[in-house]
Amino acid sequence: LGCGNGFGLMALQALKSHSILYGIDVSEAALTRAAQAVGNDPRIRLMRLDLSQLHSYEAIEILMNAHDGSPRVLICFEVVEHLDDFKALAAFVSRQVQRGVQAFLSVPNDAFWGTQNHFHKCMFGEDSLLEFAQLFESAPKIYKQYPIQGSTILPHNTSELEEDDVVGRLLPKFLGRSHLLST
């Protein structure tokens, strides 16, 4: 949901699975760029839908139900903050999760950066993320993402390391976080 320029679709496309991928966005320009990015792949279907409109969720639900029995995943990265009202999105995701769909949503930590993005209808920080998480019928898992300039390569066996220890050594006083919800 909110495929933008198709970056996420390209990553999923590279997995070479037989899954059908739907890219949904409100912006026709973004969908055009996504179409260019993914090429002529019959597994990828792009649709213009407005997530601020309830009928859009009905259309998405029809698509999701058409693939009952198949593993289904909803991905909605960096979209929630663009919606005036995200209760419909939370209700839709909750319904899908009850039907066995795995869902991943992310929001930026605008409060950490201290600047207002004029495209964002709301600002998220850790407290507002927790409030957002309460809109879901089942308690989502919350993950934190640490912005690190450049690439960070961690040892192969990272299970021996505590996440905060790694970040603490890399960014001693810079712990702004983006947030990811997983249901």
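The following refers to the structure shown. All values reported here derive from a predicted model rather than from experimental measurement.

Here we look at the overall build of the chain
Here is step 1 of the chain: When you go through the chain residue by residue, the secondary structure sums to 7 helices and 6 strands.
Here is step 2 of the chain: The order of α-helices and β-strands along the chain, N terminus first, is α-β-α-β-α-β-α-β-α-α-β-α-β.
Here is step 3 of the chain: The proportion of buried residues among the 183 residues of the chain is 37%.
Here is step 4 of the chain: The contacts of the chain with a sequence gap of at least 6 include a subset with a gap of at least 24, amounting to 67%.

Some points on the packing of aromatic side chains
Here the distance between the centres and the angle between the planes together describe a pair of aromatic rings.
Here is step 1 of the chain: Counted under the stated rule, the structure contains 3 aromatic pairs.
Here is step 2 of the chain: Ring centres of F86 and F132 lie 5.1 Å apart, and the angle between their planes is 90°; this geometry places the pair in the edge-to-face category. Taken together, the positions of F86 in the loop between strand 3 (73-77) and helix 4 (87-98) and F132 in helix 6 (residues 126-133) put the pair 46 residues apart, joining distant regions of the chain.
Here is step 3 of the chain: Note on F132 and F136: the rings are 5.3 Å apart at their centroids and 85° apart in plane angle, and the pair reads as edge-to-face. Across this residue pair, the class does not change: F132 and F136 are buried.
Here is step 4 of the chain: An aromatic cluster of at least three residues, connected via ring pairs, comprises F86, F132 and F136.

Here's the deal with helix 6
Here is step 1 of the chain: For helix 6, the complete set of buried residues consists of L129, F132 and A133. Down the axis, helix 6 shows its buried residues gathered within 100° of arc, on one side only. For helix 6, exposure combined with an orientation more than 90 degrees from the buried face picks out D127 and E131.

Re helix 2 (residues 28-38)
Here is step 1 of the chain: All of the buried residues in helix 2 are A30, L31, A34 and V38. Each buried residue of helix 2 lies within a common arc of 95° when the element is viewed along its axis, so the set occupies one face.
Here is step 2 of the chain: If you follow the buried residues of helix 2, they end up packed against helix 1 (7-13), strand 1 (21-25) and strand 2 (44-48).
Here is step 3 of the chain: Just downstream of helix 2, G39 is the residue with a positive phi angle, here 70°.

A look at the side chain of Q96
Here is step 1 of the chain: Inspection of the secondary structure assignment puts Q96 in helix 4.
Here is step 2 of the chain: Residue Q96 is classed as buried on the basis of its relative accessible area of 0%.
Here is step 3 of the chain: Those residues in contact with Q96, other than ones at most four positions away along the chain, are E61, M64, R72, L74 and V101.

Some remarks on the side chain of S106
Here is step 1 of the chain: Here S106 shows up in strand 4 (residues 102-107).
Here is step 2 of the chain: Separated by 2.9 Å, the side chains of S106 and E78 make a polar contact.

Some points on the pairing of strand 2
Here is step 1 of the chain: In this structure, strand 1 lies alongside strand 2, joined through 5 bridges in parallel fashion. Counterpart to I24 in the pairing with strand 2 is M47.
Here is step 2 of the chain: In this region the chain leaves strand 1, passes through helix 2 and returns to the parallel neighbour strand 2; the handedness of that crossover is right-handed.

Calculation notes
Residues numbered from 1 in each chain as written. Predicted model: local features only at pLDDT ≥ 70, side-chain atom pairs only at ≥ 80, totals over all residues. Heavy atoms only, no water. Helix = DSSP H or I, 4+ residues; strand = E, 2+ residues; numbered from the N terminus. Buried < 20%, exposed > 50% of the residue type's maximum accessible area, 1.4 Å probe, protein only. Contact = heavy atoms within 4.5 Å. Phe/Tyr/Trp six-rings, centres within 6.5 Å; stacked < 30°, edge-to-face > 60°. Arc of directions from axis to C-beta. Polar contact = N/O pair within 3.5 Å; in protein donor to acceptor, adjacent residues only side chain to side chain. Pairing = 2+ DSSP bridges. Right-handed = clockwise from strand over helix to strand, strands pointing away.

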